[in-house]
Each structure stands twice: as structure tokens, then as C-alpha cells.
Amino acid sequence: HIQDPASQRLTWNKPPKSILVIKKIRDASLLQPFKQLCVYLTEENNMIVYVEKKVLEDPAIANDENFGPVKKKFCTFREDYDDISNQIDFIICLGGDGTLLYASSLFQGSVPPVMAFHLGSLGFLTPFNFENFQSQVTQVIEGNAALVLRSRLKVKVVKEHREKSTVQNGIEENGVVSANLEKEVGKQIMQYQVLNEVVVDRGPSSYLSNVDVFLDGHLITTVQGDGVIVSTPTGSTAYAAAAGASMIHPNVPAIMITPICPHSLSFRPIVVPAGVELKIMLSPDARNTAWVSFDGRKRQEICHGDSISITTSCYPLPSICFRDPVSDWFESLAECLHWNVRKKQNNFAVEEEE
């Protein structure tokens, strides 16, 4: 059965009561929309509103006496300290595409539906305008909206623990000759849920990166260049598009592999099935280490013996559409990326017959 994008609709098992409002930090233009939205949710809809603590530390919000009674009703949390994943029914983002990526990072398991308002710079993933926010939010709360399930990547990073030892002239403190300055003492495992892409690059090194890419345990290629991007269809219009990849609609179940400035004339981006497992490791003869980041965050170094395993997550991000999944996507291509914009060719002039 082929999934019809138009058949994905938002339905609530019970009316949503707790809403997470995510506001772009350090943007004064968002203060008034943020206050309007919070007043509407708490006073007119009697919702429980969750807000990140650092958002309320903004002097323009902290010193606003009129906003004080609304602020007292908020539930606050701190990133990396408080787990709110089981307390949120619905998410509203105010900002650009980065706010949606940030919302995704807060939920390492199931993600509530996300409604994103375009108040940032690009706005490819944020289809709603804030002018008529009351009617639009009300429609979503009543369950009258289309959805697009944006697939995410489940990423597992396995690192070898390395313990530095004091060495003088190749001899350790206990007098044993040291062939290697590091000792391996177990493994460290980290997991991430990624909405856009995993980027492996050469970092500050002047040498080409040299990493091996495995698919379901088989070596498919070695990347020699600035690095490689492993992206979701949602991420195909982000860094991957800048690196020359095709753009894939988010309803297509796929993973895209895109080299960054490869030193090869024939290394084209490829699309693989969503069900495969990719593994990326430093090549044994790599001259330097590599660096990896996840949706532009949590950047870290990858050394020999470390590995990055990537599969499609079973926890997609349900993004609420302005119209429908197809119309919204082509609208974003036209508005944000000016896809296929050119001056039209003139038609032939028809000579009038005498």
C-alpha cells in the first residue's frame, strides 16, 4: 500500500492541555508575538504552558509588569536537566527552522505534533504566518489539520575510552616501555535523534578527510574530501542541497548520502532505502581524525576505532501543515530557495494575415 500524503491528518485521542512554546533566543522582534501567544493560550484556552527557563530571563520579559500574572502560570524547564518528554501534548515554535530542530532535540523518543510559525530568516520548515495565529491555533487544537511525518535518524556513536599516561622518553612512570601513549579502557556510547543531517568533516585539519562508509556491514565507498552528509528527506533541502544533492519530499522513506567537496569527478550523491544501517569509521590509513555534528549541535571528534551507526528512527517528527504536505513543500521551494526561477521565454509573434 502506497501512503497518500493527503491522508495524514491530525487526530487527538483527547484534547491537548499542555503546550510547549519554543521561542528563538536573543531576538527582540519575537517578544510581542511570544507574549500574545502565551496570553491567548493561558487566559482564553486555559492551557498549561511550558517555557524554557532562559526565555523568561530576558529583561524585556522579566521586567514587564503586565506580563507578570501570565508568567506565574508557566511551567519552566532547563535543557539537559529536566525531562519533559512525557508531559507535552503539543509544541508551538516561534522563530526560524532552527527552532524546529531544537524542538526535535528535546524529544529523544516520541515527539508531539509541532506547529511552526515563520518568524526567522529562512522558514523552509515553518509554514505558518503569525498574523492570524488565534484561528490557526484553534483549528489545530480542534484537530483540523494536515500532518507530514518527518523521519528522523537514530545515531549511535561508539567511542573508545582513552586514558592518557605520563610518559618520559617513551617510558611510563612504572618503568614499562610505552609503544602507545593511550590506553583503551572500555567504550563510551552516545545516542542522538537527528531531524536534518549527520555531518562528518575534516575539522581544523588541512588534510582531506578519509572515512569509510558501510551499508548493512558492507564497505560501499571511502570518502576522500571535506566530508560526508547523511541526511533525511527533510535535511535534503538544508546542507545537502548546498553540497549539490537532490531535494526529496519528506514523505519519501529514504536516507541520502552526499559527499562534501569530494576529490573525485564521479562521486555523486546517492539515495538509499530508509531501512538500511549505515556505519561510518575513520579509514585505517587516515592521516587525521574527523569531526561529527548532529543537526549542527553536539560537535565532537572521531578517532581511529570510533564508529557512527545511522538508521531511520522509529520516532518521526509530526509537523503540522499550513495547507497539505505537497503544497507546503513546493511553496517552500519557491519562496525560500527560488527553485527554477528564471525569466520566461517569449513566444513567437503571430503575423496577422492580410
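Residues numbered from 1 in each chain as written. Predicted model: local features only at pLDDT ≥ 70, side-chain atom pairs only at ≥ 80, totals over all residues. Heavy atoms only, no water.

Section: the overall build of the protein
Item 1. Looking only at helices and strands, the protein has eight helices and 21 strands in total.
Item 2. Along the first, second and third principal axes, the C-alpha set of the protein runs to 80 × 80 × 40 Å.
Item 3. Counting only carbon and sulfur atoms, one obtains 49% of the accessible surface of the protein, whose full area is about 19,500 Å².
Item 4. The distance from the centre of the 33 positive side-chain charges to the centre of the 41 negative ones in the protein is 5 Å. (Helix = DSSP H or I, 4+ residues; strand = E, 2+ residues; numbered from the N terminus. Areas by Shrake-Rupley, 256 points an atom, 1.4 Å probe, with all protein chains shown as cover. Lys, Arg positive; Asp, Glu negative; His and termini not counted. Charge placed at Lys NZ, Arg CZ, Asp CG, Glu CD.)

Here's the deal with the environment of valine 350
Item 1. Its place among the elements puts valine 350 in the segment after helix 8 (325-337).
Item 2. Valine 350 gets classed as exposed once you look at its relative accessible area, which sits at 77%.
Item 3. Each C-alpha atom of the pair valine 350 and isoleucine 25 lies 59 Å from the other, and the pair is 325 residues apart in sequence. (Buried < 20%, exposed > 50% of the residue type's maximum accessible area, 1.4 Å probe, protein only.)

Notes on the sheet that holds strand 15 (residues 254-260)
Item 1. Strand order in the open sheet formed by six strands is 16-15-14-11-18-19, and the pairing between neighbours is antiparallel. Whereas interior strands pair on both sides, the edge strands pair on one side only; in this sheet they are strand 16 (270-273) and strand 19 (297-302). The mean angle between the axes of side-by-side strands here comes to 20°, regardless of whether they run parallel or antiparallel.
Item 2. In this structure, strand 18 (residues 290-294) lies alongside strand 19, joined through four bridges in antiparallel fashion. Residue pairing across strands places valine 292 opposite glutamine 300, the latter belonging to strand 19. (Pairing = 2+ DSSP bridges. Axes fitted to C-alpha atoms, helices over the stretch in contact; angles between N-to-C directions.)

Side note on a nonpolar patch on the surface
Item 1. On the surface, Val326, Phe330 and Trp339 cluster together into a nonpolar patch covering about 300 Å² of accessible area.
Item 2. Among the secondary structure elements, phenylalanine 330 is positioned in helix 8. (Patch = residues over 30% accessible without salt bridge, like charges linked within 9 Å, V, L, I, M, F, W, Y side chains within 5 Å. Salt bridge = Lys/Arg side-chain N within 4 Å of Asp/Glu carboxyl O.)

Quick look at the pattern of salt bridges
Item 1. On inspection of all chains with the given rule, the structure shows seven salt bridges.
Item 2. The closest approach of N and O atoms between arginine 299 and aspartate 201, which form a salt bridge, is 2.9 Å. Here arginine 299, found in strand 19, pairs with aspartate 201, found in strand 11 (residues 197-201); they are 98 residues apart in sequence, far enough to count as distant.
Item 3. With relative accessibility at 15%, the residue aspartate 201 sits in the buried group.
Item 4. Across the salt bridge formed by aspartate 226 and arginine 202, the nearest N and O atoms sit 2.6 Å from each other. With aspartate 226 in the loop between strand 13 (218-225) and strand 14 (227-231) and arginine 202 in the loop between strand 11 and strand 12 (209-215), this pair connects stretches of sequence that are 24 residues apart.

Observations regarding the side chain of arginine 152
Item 1. Mapped onto the secondary structure, arginine 152 falls in the loop between strand 6 (147-150) and strand 7 (153-164).
Item 2. No salt bridge is formed by the buried arginine 152; the nearest opposite charge belongs to aspartate 295, separated by 7.2 Å.
Item 3. Within the structure, arginine 152 has its side chain in polar contact with the backbone oxygen of phenylalanine 107 (distance 2.9 Å).
Item 4. A distance of 2.9 Å separates a polar side-chain atom of arginine 152 from the backbone oxygen of glycine 109. (Polar contact = N/O pair within 3.5 Å; in protein donor to acceptor, adjacent residues only side chain to side chain.)

A look at the nonpolar core
Item 1. Residues Phe34, Leu41 and Ile92 are the most contacted members of the largest nonpolar core, which totals 32 residues.
Item 2. Of all the elements in the fold, those that place two or more residues in this core are strand 1 (18-23), helix 1 (31-44), strand 2 (48-52), helix 2 (53-56), strand 4 (90-95), strand 5 (114-118) and helix 6 (133-141).
Item 3. The residues touching isoleucine 92, leaving out its near neighbours within four places in the chain, are Ile19, Leu20, Val21, Ile22, Leu37, Leu41, Met115, Phe117 and Val137.
Item 4. One finds Val211, Val276, Ala290 and Ile310 within the second-largest nonpolar core, a separate group that totals 29 residues. (Core = buried A, V, L, I, M, F, W, Y, C linked by side-chain atoms within 4.5 Å. Contact = heavy atoms within 4.5 Å.)

Overview of the packing of helix 1 against helix 6
Item 1. In contact at an axis separation of 11 Å, helix 1 and helix 6 are set at 45° when each is read in the N-to-C sense. When the axis of helix 1 is compared with that of helix 6, the two are oblique. Judged by the twist between their axes, the crossing of helix 1 over helix 6 is right-handed. Within the contact between the two elements, helix 1 uses Gln36, Leu37, Tyr40 and Leu41 and helix 6 uses Phe133, Gln134, Val137 and Thr138.
Item 2. Among the residues making up the contact of helix 1 with helix 6, the classes are represented as five nonpolar, three polar and no charged. (Parallel < 35°, antiparallel > 145°, perpendicular 65-115°, else oblique. Left-handed = near helix turned anticlockwise from the far one by under 90°. Nonpolar A, V, L, I, M, F, W, Y, C, P; charged D, E, K, R; others polar.)

Examining the pairing of strand 21 (residues 317-320)
Item 1. On strand 21, burial covers both faces: Leu317 and Ser319 on one face and Pro318 and Ile320 on the other are all buried.
Item 2. Both strand 6 and strand 21 contribute to a ladder of four bridges, which runs antiparallel. Among the inter-strand pairings, arginine 150 is bridged to a residue of strand 21, identified as leucine 317.

Concerning the domain arrangement of the protein
How big an interface is tends to be stated in terms of the accessible area lost upon association of its parts.
Item 1. Split by domain assignment, the protein resolves into domain 1 (9-151 + 316-337) and domain 2 (153-161 + 186-312).
Item 2. The partner domain 2 presents 18 residues to the 21 residues of domain 1 that form the contact.
Item 3. When domain 1 packs against domain 2, the two sides together hide about 1,600 Å² of surface, and 58% of this comes from carbon and sulfur.
Item 4. When residues of domain 1 are sorted by the area they lose upon contact with domain 2, Leu101, Ser151 and Trp329 head the list and together hold 37% of the total.
Item 5. Counting the contacts that link domain 1 with domain 2 gives one salt bridge.
Item 6. Glutamate 79 serves as the salt-bridge partner of arginine 297, at 2.4 Å between the closest nitrogen and oxygen.
Item 7. Our enumeration of links across domain 1 and domain 2 arrives at four residue pairs in polar contact (both at pLDDT 80 or more).
Item 8. Sorting the residues of the side of domain 1 that touches domain 2 by element identifies helix 5 (97-106), strand 6 and helix 8 as the ones contributing at least two each. (Domains from an automatic or database assignment. Buried area = accessible area lost by both parts, 1.4 Å probe.)

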